[in-house]
Amino acid sequence: MKSLRLSLIVYLLGLLLTCIVSFSLYLHHQSAQRVSAIFDKSGRMLARSTEDAEHLLQGRYQVMDQMLRANLDEALLLKAQTLASHLVRRFEFGRDILVFRLLGGHQSVHQAVLGMPGLPAVPIFGQEAVRWWTQARVIQLATLDEIDEGLLGSPRRSAPAEEFYQVSSEEELILLRSPHLGSNILPLDRKTRQKMKLFQYEFSNVTVGGRHLRLVTLKAPITRMLLIFPERRRGGGSSSNSHRPPRSSLVPVDRDIVQRGLVPTVFVQYARSVADIEETLAELRADIENVRDQLLREQEQTRLRLEEDAQAALASMRTTLVLLAVAVVAAMVVGSVVIIRRGLAPIEHIARAVSQVSEKDFQLKLAPEEVPQELAPIVARLREVLALLAAAFQREKQAVADISHELRTPLAALLATIQVSLKKMRTAEEYRQTLGQCAEIGEQLRGLMERLLLLARLDAGTAIVYPQLVDVPELAEQCLNMVRPLAHDKDLHFHFERNGVSTVFTDPEKLREILNNLLHNAIQYNRPGGRVDLELRRKEGALVIEVRDTGIGIPPEARPHLFERFFRADPSRQSDVIHAGLGLAIVKGYLDLLGGTIAVESTVGQGSTFRIELPVDGSDAPRTDASS
Amino acid sequence: MRVLLVEDHKPLVRALKQGLEEEGFAVDVAADGEEGDFKARSADYDVIVLDLMLPKIDGLTLLRSWRRDGIKSFVLVLTARGGTDDKVLGLDAGADDYLTKPFELEELLARIRALIRRRHEVKSPIIRIYDLEINTASRVVKRGGKAIHLTPKEYALLEFLAYHCGKVVTRSMIWNHLYDENDENTSNVVDVYIRYLRNKIDKGFDPPLILTRWGEGYMLQAPE
């Protein structure tokens, strides 16, 4: 990203958005979980309360059911017992008549029983007679419907058609039955009959003629037989599963007698339709169902409402969160822009200060208090670089001016010479002279160009070293011979020390150039009648060449610039020096190329010493790998 | 007119000296700042041609010290530095004109002539005195419409007299302005040249324009 400010804002907002979104999601998730937990719990509570209500209703139903059935049973039993006692009374009455007749007349049993057909012709007595009688009597009774009326304690009219009775003997002979039973018979299976004991009763549910009936079957004696069978009273109950009827007119009979079958018994059955009870119960059940349905509906509604409320609450929270996030983001956008602008202000100051830097003014116009601590190193480094740049610029400017000067002056001389010569006709000798002067100036220009080119090559790194085995003393001798005429003009004396140095593996032309320049300087800046020393020696893998003069010396402030181009310790110029301030720059460039160093010692007014050190192997043997 | 040439480049000095002398200037030469300073202070040069890059004392320093010390010679700065900054620096230091190397010889001569006119508060390159007409640019002299051929020395003398028209010019003034340091001062050399000039200017014309003031010098003056 190009703009620092923009990228900071974007990153900051990205971070913020991530935080807000994750926080919101987390919050939302938590809330949703909590709401759903509450929702579940209330749902469970609701379900449980519904269930409880249902249980309660169910319980009530069961209680009702039991109560109704118990009442029915009790009523049935009562009626059965009443019927049984009535039968006994009737039977007693009949017996009394019989006894009376038996006693009063002389009738046989047959007659006594009013000449009933089918009676055995033989006289019968005892139990047998009773049985027969009983049968006959009961049959007789059965024909007499009126017996039933008071007996059952309810007027015939109102006697519900749903109530039935039936009395049958042990021989399965139906002695008596409700007239509206019609052709239906209340069932009495053999097993029950045999199993039942006297006064025992049993309830059962039966279906007769498409009606559901509650039936009680009671085994009861038909007579007390007190006269026939002496009574042997025993207090308390007779059997375990029967209880004494509350208003029993029956006199308890000795068990043994009964067991012996001596007492004639009948099965009194009384049934009643359970339709009404079942209807009531069905209604109740229906009510319960209704209530349950309602409860369930209500529960469902409540649940739905709860859910709606929960969703609404969540939605509202979501909205709030989104609004909050938007508000926070908006605030942060504005805030971050402001903060970042403030934060980046120093950078802007620096940028403005840097933009004011020009080639004319390399000063960074920036107050120290404007620079924050973090940027201080950058600014400091920038100042250093700018200072270096300013120096380089100044040097460059100086160099251009110098080159310009060095080139322009000979050119001006050339032009002036030619133009003067052309102003009028000259003699041949004069022309010769002019041409000679021009050639001299041209030579000077050529030398200058070559040096400038040489420096350019050194700068570009295209200068190549051609190392070979060089006899250094001989080369030095040649150089000395070349400058000897100059030295002679100034009346200088040479001293040359070889110190046993012989051959070295290096580039001879560059070494020659170095020596020429140094010797030339030593002569140029020497005082008349002075001396120039050239010394060669070896020092730990290096060849040392020293050139000493007795010249004007170099002031200390000039020494750091000594190897800069066009620099001259003497600020004024001597145009007859063709080196034009490039000599030492070339020396330095060549030494860099050869891997050597140069050092200067100088005392103003006494002389200077230039010391060159060229790296060579310890031996004088030629090396093949010493190329650059 | 006498010119001081302060320049260290010997071939250039040689050419300029010759070029100027052939135009009738008396040329003195200084090869470094010290010598230039000495000569500028010891003679009244009409124009000093000053190089800025000089050995020993540089041109700007010289110029400033001259202006400070009231040396009134016109200075034409001659240098290899062509930048505006350098021109401003040179002119502000007291230079009257500026010429960048390399230059045309004719331009240098024209500028020197212009400086000389300024020195004598003359605007036109043509000086007219009665029926005498001197074109300082082309160095053509006419009298009564008739062209008169003069040697450079004669012309220089006439020009010098014309610039001082109506004023008496002493022999030493003439000497100082028309002869360089190497000319040998013989007592009557000025008189000789005045005679030559009269032969060419006044002979055959009337009235004579070159007058002699006994005991003082000479004067070029139109008749009243």
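Structure's up top.
Residues numbered from 1 in each chain as written. Chains lettered and ligands numbered in written order. Predicted model: local features only at pLDDT ≥ 70, side-chain atom pairs only at ≥ 80, totals over all residues. Heavy atoms only, no water.

**Q** Kindly report on the overall build of chain B, identifying the contributing residues and their values.
**A** The helix and strand inventory of chain B stands at eight helices and twelve strands. Here chain B holds 224 residues, and 53% of them are scored as buried. Relative to all contacts within chain B whose residues are 6 or more apart in sequence, the contacts with residues 24 or more apart total 60%. Total accessible area on chain B is roughly 9800 Å²; 50% of this is exposed by carbon and sulfur atoms. (Helix = DSSP H or I, 4+ residues; strand = E, 2+ residues; numbered from the N terminus. Buried < 20%, exposed > 50% of the residue type's maximum accessible area, 1.4 Å probe, protein only. Contact = heavy atoms within 4.5 Å. Areas by Shrake-Rupley, 256 points an atom, 1.4 Å probe, with all protein chains shown as cover.)

**Q** Please give an account of the nonpolar core that cites residues and values.
**A** Counting 60 residues, the largest nonpolar core has Leu-16, Phe-25, Val-47, Ile-112, Leu-158 and Leu-220 of chain B as its most contacted members. Counting residues per element, this core draws most heavily on helix H6 (residues 152–163) of chain B, which supplies eight residues. Non-local contacts of Val-47 of chain B, meaning those with residues more than four positions away in its chain, are made with Arg-2, Val-3, Leu-4, Phe-74, Leu-76, Ile-112, Leu-115 and Ile-116 of chain B. If you look at the next biggest cluster of nonpolar residues, it comprises 48 residues, including Leu-455, Ile-554, Tyr-590 and Leu-591 of chain A. (Core = buried A, V, L, I, M, F, W, Y, C linked by side-chain atoms within 4.5 Å.)

**Q** Residue-level account of the sheet that holds strand S10 (residues 169–170) of chain B, with values.
**A** Think of a sheet as strands paired side by side through backbone hydrogen bonds, with each pair either parallel or antiparallel. All names here are of chain B. As summarised here, the arrangement of the three strands in space is S10-S12-S11, forming an open sheet in which the pairing is antiparallel. Of all the strands in the sheet, the pair left with one neighbour each is S10 and strand S11 (210–213). Alignment of S11 against strand S12 (residues 217–220), held across four bridges, turns out to be antiparallel. If you follow Thr-212 over to S12, its bridge partner there is Tyr-218. Against the sheet, H6 touches S10 and S12, its axis set at about 75 degrees to S12. On top of the sheet, helix H8 (residues 189–201) reaches S11 and S12; it is set at about 145 degrees to S11, its chief contact. (Pairing = 2+ DSSP bridges. Axes fitted to C-alpha atoms, helices over the stretch in contact; angles between N-to-C directions.)

**Q** With reference to specific residues and values, describe the pattern of salt bridges.
**A** Residue and element names in this part refer to chain A. All chains considered together, the criterion is met by 50 salt bridges over all chains. A salt bridge links Asp-73 to Arg-214, with the nearest nitrogen and oxygen atoms 2.7 Å apart. Here Asp-73, found in helix H1 (residues 4–104), pairs with Arg-214, found in strand S4 (residues 211–221); they are 141 residues apart in sequence, far enough to count as distant. Of the two residues, Asp-73 and Arg-214, neither departs from the other in class, the shared state being buried. Across the pair Arg-303 and Glu-300 runs a salt bridge, and its minimum N-O distance is 2.8 Å. Residue Arg-303 and its partner Glu-300 are located together in helix H7 (residues 275–355), separated by three residues, close to a single helical turn. Look at the salt bridges and you will find they share partners, linking Arg-531, Asp-533, Glu-535, Arg-537, Glu-546, Arg-548, Glu-601 and Arg-611 into a network. (Salt bridge = Lys/Arg side-chain N within 4 Å of Asp/Glu carboxyl O.)

**Q** I'd love a proper account of the side chain of Ser-421 of chain A, names of residues and values included.
**A** Residues and elements named next belong to chain A. Within the secondary structure, Ser-421 sits in helix H8 (residues 376–422). Take Ser-421: its relative accessible area is 5%, and that puts it in the buried class. Other than its neighbours up to four places away in sequence, Ser-421 contacts Arg-426, Tyr-431 and Thr-434.

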